[in-house]
Amino acid sequence: MKHETFIRLPGTTHHISRREFGAGLGIAGFALAAGIPHNQAQAASEIQMVPIPVSISVSVTSPYEYQGLNDDPWSCSVSGAIANVFGLGSQVRVRRNIDNFAIYTVADVRYQDPVNRVRMGSAARQRVGTPNVFSATLHTALATKLMSDTQAKNAGEFVERIADAPHHHGLAVLAPHGGVIEVKTDLQARWVMDALPNADVSCWICSGWTSEGGAHARWHVASTEIHPASFPGLATIADRGFAYAVAFHGMNAAGVRIGGSAPDELKEMLRQAIQSAVGGYSVELAADDDPNGGTSPDNIVNWITAGGGGGVHIEQGPLIRSKYWFAVAQAVADVFRGLV
Ligand SMILES: [Zn+2]
């Protein structure tokens, strides 16, 4: 296997290249964690993916008005030199000091900027605790150490795990916001995988923790922004073309909302199964104009499926996740058991 640099430029167009990104990349260039070599890993064998450490000293300043980043808490721009490491559309960790760091998406590249320049608006700077300009270091989004969930929790870290076999193309079960970013969603993805042993099912989980709260502000990457350049496990399945994908999410509103670009018939099967599992709580299909409806072609749950038409995006309120997380997961597993 040819050894390649760990981050590839995802291309000049922001969102287009995600599904093609995995092709040919494999896991070259990534330090694989866990005791199981990837070529022996079966679906039920979950491994942590650990990127090669990167550390770049930068100065973080304000964006130009015309960059459109002023009111965007989640994005930054980087110099052309930095874009050779962290390309357009990828995620970076910006670390201001030992207590203040967060993940941002590279939304713009400033080729005329000094080599160490990063730009973000004041709302984005507030995520690392200051309205001012500051010096920082850029790192990979993910932790570069092998950790159990307990260790990651104690360290307040962000980790990626995958369970996959190269011939899988049935169902991808996704939890991009596990840990305490959206509580219980990682456990739900694992539950589905465990409920379908030996099935054509792969599972991808990201989990983030913080010691002092604020996991959402620190670790959340929108489902429409997640880029395989920053997630080596995701890169291995990004071009697979699964028949179906299901992603577990948490929302502040009550009940359950089922969206994504999968056929309504499938979403209705899931709605009925989940409704039976959660009693009187509201379980609805997302409205067409619902901003959390998960129908964007840029949403990971859609582009990871063949033709973009097999994704189911499930948003769940806090009570559902605390009281019924396993019942919802089992209902989802029961529906997909007949399909993969
Ligand atoms: Zn989410």
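Residues numbered from 1 in each chain as written. Predicted model: local features only at pLDDT ≥ 70, side-chain atom pairs only at ≥ 80, totals over all residues. Heavy atoms only, no water.

Engineer: Any chance you could explain the sheet that holds strand S5 (residues 91-95) here in plain terms?
Structural biologist: For sheets, the rule is that strands pair by backbone hydrogen bonds, running either parallel or antiparallel. Spatially, S3-S7-S4-S6-S5-S8 is the arrangement adopted by the 6 strands of the closed barrel, whose pairing is mixed. Strand-to-strand twist across the sheet, computed as the mean angle between neighbouring axes with direction ignored, equals 45 degrees. Bridge count for strand S3 (residues 56-61) against strand S7 (residues 117-119) is 3 bridges, and the pairing is parallel. The residue bridging Thr61 from the neighbouring strand is Arg119, located in S7. (Pairing = 2+ DSSP bridges. Helix = DSSP H or I, 4+ residues; strand = E, 2+ residues; numbered from the N terminus. Axes fitted to C-alpha atoms, helices over the stretch in contact; angles between N-to-C directions.)

Engineer: What should I look at first to understand the packing of aromatic side chains in this one?
Structural biologist: Centre distance and the angle of the planes are the two values used to describe a pair of aromatic rings. In the structure shown here, the tally under the stated rule is 10 aromatic pairs. Seen in terms of ring centroids, Phe158 and Phe231 are 6.3 Å apart; in terms of plane orientation they differ by 80 degrees. Their pairing is edge-to-face. One end of the pair, Phe158, is in strand S9 (residues 158-163); the other, Phe231, is in the loop between helix H6 (215-219) and helix H7 (232-237), and 73 residues separate them in sequence. Of the two residues, Phe158 and Phe231, both sit in the buried class. Stacked on the ring of Tyr104, the Lys or Arg Arg127 has its end atom at 4.5 Å from the ring centre. For Arg218, the ring lying beneath its charged end belongs to Phe101, and the centroid distance is 4.0 Å. (Phe/Tyr/Trp six-rings, centres within 6.5 Å; stacked < 30°, edge-to-face > 60°. Buried < 20%, exposed > 50% of the residue type's maximum accessible area, 1.4 Å probe, protein only. Lys NZ or Arg CZ within 6 Å of the ring centre and 35° of its normal.)

Engineer: Explanation requested: the packing of helix H8 (residues 264-278) against helix H11 (residues 325-337) in the structure shown.
Structural biologist: The relative placement of two packed helices comes down to the angle between their axes together with the axis-to-axis distance. The geometry of H8 relative to H11 is characterised by a closest axis approach of 9 Å and an angle of 140 degrees between their N-to-C directions. Classified by the angle their axes make, H8 and H11 are oblique. Our pair here, H8 against H11, has a crossing hand that is right-handed. In contact with Leu266, Met269, Leu270, Ala273, Ile274, Ala277 and Val278 of H8, H11 contributes Ala327, Val328, Ala331, Val332, Val335 and Phe336. Considering only residue class, the contact of H8 with H11 consists of 13 nonpolar, no polar and no charged. (Parallel < 35°, antiparallel > 145°, perpendicular 65-115°, else oblique. Left-handed = near helix turned anticlockwise from the far one by under 90°. Contact = heavy atoms within 4.5 Å. Nonpolar A, V, L, I, M, F, W, Y, C, P; charged D, E, K, R; others polar.)

Engineer: Can you help me understand the environment of Ile274 in this one?
Structural biologist: Along the chain, Ile274 falls in helix H8. When the C-alpha atoms of Ile274 and Ala331 are compared, they prove to be 5.6 Å apart, with 57 residues separating the residues in sequence. With sequence-adjacent residues up to four places away left out, Ile274 is seen in contact with Val256, Ile258, Val283, Ile314, Val328, Ala331 and Val332.

Engineer: Please explain the coordination of the zinc ion as it appears in this structure.
Structural biologist: Between any two of four tetrahedral donors, the ideal angle at the metal is 109.5 degrees; between two of six octahedral donors, it is 90 or 180 degrees. Taken together, the protein donors to the zinc ion comprise His177 (ND1), Glu182 (OE), Glu182 (OE) and His249 (ND1), at separations of 2.0 to 2.4 Å. Classification of the site at the zinc ion rests on its 4 donor atoms, whose angles at the metal span 58 to 162 degrees, yielding the label irregular. Positions of the donor residues of the zinc ion along the chain correspond to the pattern H-x4-E-x66-H. For Glu182, a relative accessible area of 7% puts it in the buried group. (Donors = N, O, S within 2.8 Å, 3.2 Å for Na, K, Ca; no water. Tetrahedral: all angles 85-135°; square planar, octahedral: opposite > 155°, others 65-115°.)

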